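Chain residues, written in single-letter form:
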Amino acid sequence: MSASPEGHTTGSAPERTVRFVMPGNVDDPAAPSGGNVYDRRVCRELPRLGWRVREHAVDGEWPRPGAGSRAEVARVLRETPDGGVVLLDGLVACGLPEVVVPEASRLRLAVLVHLPLGDETGLAPAVAAELDAAERRTLRSAAATVATSAWAAGRLTEHHGLVPGRVGVAAPGTDAAPLAPGTTTGTATSSATGPASGPRLLCVASVTPRKAQHTLVEALGAVADLPWTCELVGGVDHDPGYVARVEELIAAHGLADRVSLTGPRSGAALEASYAAADLLVLASRAETFGMVATEALARGVPVMATAAGGLPEAVGQAPDGGVPGALVPPEDPTALAAALHRWLTDPAERHRAKAAARQRRTALPGWDATARSLAAALEQLRQEPLLETV
């Protein structure tokens with residue numbers, strides 16, 4: 001038996017090997033993110049489908065790393081045998097076209113895009129344009145692009161002029177979870193009983209402009225006459241100035257005793273937050289998918305979210321066609337406040353949303369489905385001839 005490029009052998013069944021290049025903080029509990037969870041889970045699931053995964057977690061300030069990080073990615077690619085299959089997290093790959101593109105004619109490169117770089121909010125226009133151009137150059141050179149929602153696949157294809165057949169979809173999966181007991185409060189019709197007696201609202205998202213907690217606080221201020229509490233769970237280190245703005249809004253609306261910023265949570269602490277929740281609320285301005293929506297639905301917790309990007313896909317529909325919560329326009333605190341008011345004051349709406357969430361719970365795909373979709377894209381890539389660099 002003789003050797004051939006990585007992922008192939010002659011005289012026996014071919015070996016399926018993929019090198020997966022990820023951000024170095026993929027396992028950092030202080031920096032939880034949907035992208036990190038996704039990367040770690042597919043590393044676990046792909047071997048069950050016959051793929052050997054060689055992990056390369058590279059430290060750096062992605063997507064604009066320093067020289068050392070660039071050199072490390074270049075080393076990983078340079079040391080991959082000709083024809084080898086490489087999966088690169090888009091946060092790493094799309095900021096390094098000068099490193100990735102020269103290898104595209106030698107290696108079988110796939111880029112996993114969690115969020116188009118230019119869609120991150122709070123970027124200076126010049127920085128957004130620079131990242132967008134770098135992403136376009138990288139994705140046009142890669143043999144395959146994998147997006148985490150159908151919306152994102154369409155967005156990348158149209159925006160960057162990609163070949164549709166080279167953009168696949170591998171949506172995030174969801175782990176089975178016990179039903180969240182939530183609270184047993186009745187209709188929220190008055191604040192006379194005190195906010196602590198009302199329903200418990202939960203937002204799980206890093207406190208950044210893209211997640212738009214300021215819109216949520218504005219909406220909560222408009223329903224302050226009703227009883228409720230709201231917990232904002234998520235990292236507070238990414239944009240301290242924005243965090244300060246959210247804290248100022250909470251104080252300005254007199255909600256300090258009802259809205260709490262807890263910082264990031266994971267494991268048992270995050271499970272406890274979901275278990276206590278009656279409604280997940282997401283005010284995001286942009287989302288490729290929105291994994292926290294499916295995490296809530298897996299526990300039977302309805303979701304009120306903006307119809308931004310791939311969020312409607314994540315929220316989905318119950319088998320009977322009902323929305324397991326509500327969708328509202330992004331960047332519209334008035335619309336969000338109206339939806340909250342209806343949910344807080346209408347027992348029939350709360351019952352409908354909860355029933356739909358419990359139905360949706362039964363139809364959520366697991367991470368095995370994600371891995372199958374990703375493995376199919378990698379297998380197609382492995383079988384195809386190398387592409388010419390664009």
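Residues numbered from 1 in each chain as written. Predicted model: local features only at pLDDT ≥ 70, side-chain atom pairs only at ≥ 80, totals over all residues. Heavy atoms only, no water.

1. Section: the pattern of salt bridges
For step 1, the next point in the chain: Throughout the structure, instances matching the rule amount to 24 salt bridges.
For step 2, the next point in the chain: In this structure, the salt-bridge partner of R64 is E130, at a minimum N-O distance of 3.2 Å. With R64 in the loop between β2 (51-58) and α2 (67-78) and E130 in helix α5 (residues 125-141), this residue pair connects regions lying 66 residues apart in the sequence.
For step 3, the next point in the chain: The residue R285 makes a salt bridge to E331 at a minimum N-O spacing of 3.6 Å. With R285 in the loop between β10 (279-282) and α10 (291-297) and E331 in the loop between β12 (325-328) and α12 (333-345), the pair connects residues that are 46 residues apart, well separated along the chain.
For step 4, the next point in the chain: On the basis of relative accessible area, R285 is assigned to the partly exposed category, the value being 31%.
For step 5, the next point in the chain: Linked through salt bridges whose partners overlap, the residues forming this network are R41, E45, R48 and D175. (Salt bridge = Lys/Arg side-chain N within 4 Å of Asp/Glu carboxyl O. Helix = DSSP H or I, 4+ residues; strand = E, 2+ residues; numbered from the N terminus. Buried < 20%, exposed > 50% of the residue type's maximum accessible area, 1.4 Å probe, protein only.)

2. Some thoughts on the nonpolar core
For step 1, the next point in the chain: Judged by nonpolar contacts, the single largest core of 82 residues is most densely connected at L201, L216, L220, W228, L280, L336 and L340.
For step 2, the next point in the chain: For this core, the leading source of residues is α12, giving seven residues.
For step 3, the next point in the chain: When neighbours within four sequence positions are excluded, L216 is seen to be in contact with C203, C230, L232, V281, A283 and L336.
For step 4, the next point in the chain: A93, V113, A152 and V167 belong to the second largest nonpolar core, which has 30 residues in total. (Core = buried A, V, L, I, M, F, W, Y, C linked by side-chain atoms within 4.5 Å. Contact = heavy atoms within 4.5 Å.)

3. Quick look at helix α13 (residues 347-361)
For step 1, the next point in the chain: Helix length check: α13, at 15 residues, gives a terminal C-alpha distance of 21 Å against a target of 21 Å (1.5 Å per residue), a fit within 8%.
For step 2, the next point in the chain: Listing the buried residues of α13 in full gives E349, R350, A353, A356, A357 and R360. For α13, the angular spread of the buried residues around the axis is 135 degrees, confining them to a single face. Exposed side chains of α13 directed beyond 90 degrees from the buried face belong to A348 and H351.
For step 3, the next point in the chain: Where α13 is buried, its residues contact α10, α11 (311-315), β12 and α12.
For step 4, the next point in the chain: The opening residue of α13, the one whose side-chain oxygen lies 2.9 Å from the backbone nitrogen of A348, is D346. (Expected span 1.5 Å × (residues − 1). Arc of directions from axis to C-beta. Polar contact = N/O pair within 3.5 Å; in protein donor to acceptor, adjacent residues only side chain to side chain.)

4. Considering the state of the cysteines
For step 1, the next point in the chain: One pass over the full model with this rule turns up zero disulfides.
For step 2, the next point in the chain: In this structure C43 is a free cysteine whose sulfur lies 18 Å from that of C94, the closest cysteine sulfur available.
For step 3, the next point in the chain: Free cysteine C203: the closest other cysteine sulfur is in C230, separated by 6.6 Å.
For step 4, the next point in the chain: Residue C203 is classed as buried on the basis of its relative accessible area of 2%. (Disulfide = S-S within 2.5 Å.)

Functional significance is not addressed by these values, which are geometric in nature.
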